[in-house]
Amino acid sequence: MKATAAEASLGVFDSGVGGLTVVQAITELLPNERVIYLGDTARVPYGNKSPDTVKRFARQDAAFLLGRGVKAIVVACNTATAFALPSLVADISVPVIGVLAPGVETALARTKSGRIGLIGTAGTIGSEAYQKAIRALRPDAHLVARATPLLVPLVEEDWLQHAVTRQVLEEYVRPMLSEGIDTLVLACTHYPLLKSKIQTIMGRGVRLIDSAQQVAQEVRQVLIQEGLLSRDTKKRSTREYFVSDEVAIFANVASRFLGE
Ligand code: DGL
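We now turn to the structure provided with this report. (Residues numbered from 1 in each chain as written. Predicted model: local features only at pLDDT ≥ 70, side-chain atom pairs only at ≥ 80, totals over all residues. Heavy atoms only, no water.)

Right, let's talk about the overall build of the chain for a bit. Along the chain, the regular secondary structure elements total twelve helices and nine strands. The burial tally for the chain puts 54% of its 260 residues in the buried class. Sequence separation of at least 24 residues holds for 77% of the intrachain contacts in the chain that already meet a minimum separation of 6. Taken as a whole, the chain presents about 11400 Å² of accessible surface, with 52% of it coming from carbon and sulfur. Each charge class in the chain can be summarised by its mean position, and for the 29 positive and 26 negative side chains these summaries are 5 Å apart. (Helix = DSSP H or I, 4+ residues; strand = E, 2+ residues; numbered from the N terminus. Buried < 20%, exposed > 50% of the residue type's maximum accessible area, 1.4 Å probe, protein only. Contact = heavy atoms within 4.5 Å. Areas by Shrake-Rupley, 256 points an atom, 1.4 Å probe, with all protein chains shown as cover. Lys, Arg positive; Asp, Glu negative; His and termini not counted. Charge placed at Lys NZ, Arg CZ, Asp CG, Glu CD.)

Below is the structure:
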């Protein structure tokens with residue numbers, strides 16, 4: 001029974017294309033896993049929608065993946081994790097892994113001063129889910145949280161090298177330096193693509209926490225714990241992509257997110 005379940009696919013969903021940064025990290029770490037990805041491109045962005053709407057969308061995304069027989073679900077979207085993870089975990093019988101806990105744990109392990117910056121969508125920051133999770137583990141943490149809603153469209157527009165993007169980043173993150181942060185959590189699927197730009201502004205004294213890499217580690221751990229890790233080397237890097245809107249638009253942006 002377990003052996004068969006272990007060879008089922010891993011389901012990953014996001015509001016759109018951004019969760020591919022998580023797929024990329026998972027397939028690098030776990031090349032034997034077959035991944036089914038759902039990008040809800042018809043309803044993206046989730047970052048500026050109400051908690052109830054995001055919860056409803058997340059339930060529907062998870063139901064789609066469950067209908068394809070996945071052995072576990074990764075909620076690759078930070079906004080969906082912030083609003084919907086507890087209810088998904090409660091309602092779904094397979095393991096559900098979000099992007100919040102891995103990012104928070106890594107940030108707390110890396111910070112020396114306990115002064116932590118946090119950037120994400122308006123929904124993620126407004127939910128206070130990250131702030132509560134950090135304070136639960138480290139009550140004396142000094143948090144500097146900022147919603148950075150202009151970054152998602154800039155990344156999707158492929159303006160990574162554009163002067164406007166640099167200017168927007170300067171506005172958003174430079175003030176955090178005067179708050180003395182030593183760690184900055186990139187709490188959004190799209191931000192890993194801006195990592196080097198953000199690092200240039202923040203300098204070497206600030207560690208950037210890329211939740212995509214940490215979540216891949218968490219997925220590995222959960223699959224091992226549950227006896228669900230695939231051993232089938234023939235499946236190497238098999239990925240299936242589904243979107244809820246036009247495929248051509250997704251394919252164009254997706255290739256950049258996956259670097260292929
Ligand atoms: N995937 C979203 C997140 O990580 C960003 C894009 C959106 O707003 O839907 O929060």
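The discussion continues.
Remark on secondary structure: sheet strands pair via backbone hydrogen bonds, oriented parallel or antiparallel. Pairing within the open sheet is parallel, and its four strands lie in the order β6-β5-β7-β8. Each end of this open sheet is capped by a strand with a single partner; those strands are β6 (142–147) and β8 (207–210). When strand polarity is set aside, the average angle formed by the axes of neighbouring strands in this sheet is 20°. Bridging between strand β7 (residues 183–187) and β8 involves four bridges; their strand directions are parallel. Paired with Leu184 across the bridge in β8 is Leu208. Where helix α9 (residues 163–177) meets the sheet, its contacts fall on β5 (115–120), β6 and β7, and the angle it forms with β6 comes to roughly 170°. (Pairing = 2+ DSSP bridges. Axes fitted to C-alpha atoms, helices over the stretch in contact; angles between N-to-C directions.)

Within the secondary structure, Ile97 sits in strand β4 (residues 96–97). Relative accessible area serves as the criterion here: at 3%, Ile97 is assigned to the buried category. For the pair Ile97 and Val75, spaced 22 residues apart in the sequence, the C-alpha separation amounts to 6.1 Å. In contact with Ile97, other than residues within four places in its own chain, are Ile73, Val74, Val75, Leu85, Val215, Glu218, Val219 and Val222.

Going through the model one piece at a time under the given rule, you end up with five aromatic pairs. An angle of 70° between the planes, with centres 6.1 Å apart, marks the rings of Tyr37 and Tyr241 as edge-to-face. A residue pair is termed long-range when its members are at least 10 positions apart, and Tyr37 in strand β2 (residues 35–39) and Tyr241 in strand β9 (residues 239–243) qualify at 204 residues. Classification of Tyr241 by relative accessible area gives partly exposed; the value is 32%. Aromatic pair Tyr37 and Phe250: ring centres 6.3 Å apart, planes at 25°, arrangement stacked. Here Tyr37 is found in strand β2, whereas its partner Phe250 is found in helix α12 (residues 247–258), with 213 residues between them in sequence. Chaining the aromatic ring pairs together yields one cluster made of Tyr37, Tyr241 and Phe250. (Phe/Tyr/Trp six-rings, centres within 6.5 Å; stacked < 30°, edge-to-face > 60°.)

We now examine the nonpolar core. In terms of nonpolar packing, the biggest core is built from 68 residues, with Leu20, Ile26, Leu184, Ile198 and Met202 touching the most fellow members. Once residues lying within four places of it in the same chain are set aside, the contact partners of Met202 are Val173, Met176, Leu177, Ile181 and Leu184. By size, the runner-up hydrophobic cluster in this structure holds 22 residues, among which are Val54, Val70, Leu88 and Val96. (Core = buried A, V, L, I, M, F, W, Y, C linked by side-chain atoms within 4.5 Å.)

With that out of the way, let us pick up the side chain of Gln214. With respect to the helices and strands, the residue Gln214 is situated in helix α11 (residues 211–225). Gln214 gets classed as buried once you look at its relative accessible area, which sits at 18%. Beyond its immediate stretch of four places on either side in the chain, Gln214 contacts Pro102, Gly103, Thr106 and Arg110.

The next subject is the packing of helix α5 (residues 100–110) against helix α7 (residues 129–137). In contact at an axis separation of 10 Å, α5 and α7 are set at 45° when each is read in the N-to-C sense. Classified by the angle their axes make, α5 and α7 are oblique. As α5 runs across α7, the sense of the crossing is right-handed. Contacts between α5 and α7 involve Leu100, Val104 and Leu108 from the first element and Ala129, Tyr130, Ala133, Ile134 and Leu137 from the second. (Parallel < 35°, antiparallel > 145°, perpendicular 65-115°, else oblique. Left-handed = near helix turned anticlockwise from the far one by under 90°.)

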